[in-house]
Each structure stands twice: as structure tokens, then as C-alpha cells.
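Each chain is listed here by its residues.
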Amino acid sequence: MFSISFRLISTLLLTAMLALTGCQTAPQKGLTPAQIAVLKQQGFELTDDGWEFGLSGKVLFGSDIESLNKQSTEIVERIGKALLGVGIERVRVDGHTDASGKEAYNQQLSLRRAKSVGKVLTTVGMKEENIQLQGLGSREPVASNDTAAGRTENRRVSIVVSAD
């Protein structure tokens, strides 16, 4: 009789534990609808790399310049505050250059541009360790480097939020 009661209780406990494990929700992966809405509102677009805010046309750099002007700084501050406001705490910042000059120099210049944006993001509360910086040099142009206007468009920084 004891072994039947023990088996019955064990079976009931095991069944209850299995039922409870089925009720647990897996942690959410990806961005919430509220986060996506803020990304869209701020001008981010979904790309193969995630949600990207291309600062081309908004945050451009002069030739051989790595620092942000006042208007560009304000744009980056606004974006950083909006991201943090919806719990987005991790970003990648990609710096770019035009094709003028040597590629090794452009690589370093593009990284310095990414750092200047990253620095502004830290001033609004984003943790430095949550900002991945990348210097891409002139490898990913968005316009032709054959014209002055195209080179201006290519001197830019992108802020990328991973979709997962």
C-alpha cells in the first residue's frame, strides 16, 4: 500500500512539475512593438544588419573631419535618449569615409568618426561597453565618389540596432 501511495504521489508531483514547466514563457527575443515604433519614429530603417539610422544627409563630416557639429550632436543625443527610453541599450556605430586618400588612413578616420558619435551616446546615458564601434573606411559608399556631392554623402556614420 505504501508503494502504491508513493508511486501515486510521485506521479502526481511529476505531472504537476511538467505542467508548470509548460506554463513558463521563454524570454522574449527581438524587439518589442514599442521599440520598433520608436525606431521608425526616429528614422531608423530595417536592413539586413538590423535597424539602421543612416546619418548620411543628417550627420555628415567635412573632408578629414571627425568631430560632430552642434546640429549633428543634437540629433545623436535625441536618438540616444529615445533608444534608452524604450530599453534599447546596445548599438553598433559604423563610421565611413569617402574614397579620397589612402585606405589605411580612411580606416582610422572612419573609426574616429564612430567614436565621436559613441561619445555623444555615452553623454546621454548609454554605457560605453554597450556601444560597438566600427570603422569601415570607404568600403561601403552610398553615393559615387566621382562627385563632390557623392563624397559628402559617403562621409557619414550609421547607428545600428540589432533586431535580436
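Everything in this summary refers to the structure shown in the same document. Note that the structure is a prediction, hence the values are computed from the model and not measured.

A few words on the pattern of salt bridges. Counted by the stated rule, this structure contains five salt bridges. Put simply, D94 and R92 hold a salt bridge, and the shortest N to O gap is 2.9 Å. Take D94: its relative accessible area is 4%, and that puts it in the buried class. It is possible to trace a salt-bridge network through shared partners that takes in D49, R92 and D94.

The subject of this paragraph is the nonpolar core. Core analysis: the largest hydrophobic core is formed by 23 residues, its most contacted members being F44, L83, V91 and V161. The set of elements that each furnish at least two residues to this core consists of β2 (50-54), α3 (70-85), β3 (91-95), α4 (103-123) and β5 (157-161). For L83, the contacting residues outside a window of four places in its chain are L39, F44, I88, V91, M126 and V161.

Along helix α2 (residues 33-42), the residues that are buried comprise Q35, V38, L39 and Q42. The buried residues of α2 occupy an angular sector of 100 degrees when projected down its axis, which confines them to one face. Relative to its buried face, α2 has exposed residues pointing more than 90 degrees away, namely P33, K40 and Q41. Those residues of α2 that are buried lie in contact with β2, α3 and β5. Immediately downstream of α2, the backbone of G43 shows phi near 100 degrees, a positive value.

Before going further, it helps to examine the packing of α3 against α4. Where α3 contacts α4, the axes come no closer than 9 Å and their chain directions differ by 50 degrees. In this view, α3 runs oblique relative to α4, as classed from their interaxial angle. Crossing angle aside, the handedness with which α3 passes α4 is right-handed. Contacts between α3 and α4 pair T73, V76, E77 and G80 from the former with V117, V120, L121 and T123 from the latter.

Our focus in this paragraph is the side chain of Q42. Topologically, Q42 is positioned in helix α2. Beyond its immediate sequence surroundings of up to four residues, Q42 is in contact with F53, R78, I79 and A82.

The next point concerns the packing of aromatic side chains. The full count for this structure, using the stated rule, is one aromatic pair. Aromatic pair F44 and F53: ring centres 5.4 Å apart, planes at 50 degrees, arrangement tilted. Of the two residues, F44 and F53, both sit in the buried class.

About the criteria used
- Residues numbered from 1 in each chain as written.
- Predicted model: local features only at pLDDT ≥ 70, side-chain atom pairs only at ≥ 80, totals over all residues.
- Heavy atoms only, no water.
- Salt bridge = Lys/Arg side-chain N within 4 Å of Asp/Glu carboxyl O.
- Buried < 20%, exposed > 50% of the residue type's maximum accessible area, 1.4 Å probe, protein only.
- Core = buried A, V, L, I, M, F, W, Y, C linked by side-chain atoms within 4.5 Å.
- Helix = DSSP H or I, 4+ residues; strand = E, 2+ residues; numbered from the N terminus.
- Contact = heavy atoms within 4.5 Å.
- Arc of directions from axis to C-beta.
- Axes fitted to C-alpha atoms, helices over the stretch in contact; angles between N-to-C directions.
- Parallel < 35°, antiparallel > 145°, perpendicular 65-115°, else oblique.
- Left-handed = near helix turned anticlockwise from the far one by under 90°.
- Phe/Tyr/Trp six-rings, centres within 6.5 Å; stacked < 30°, edge-to-face > 60°.

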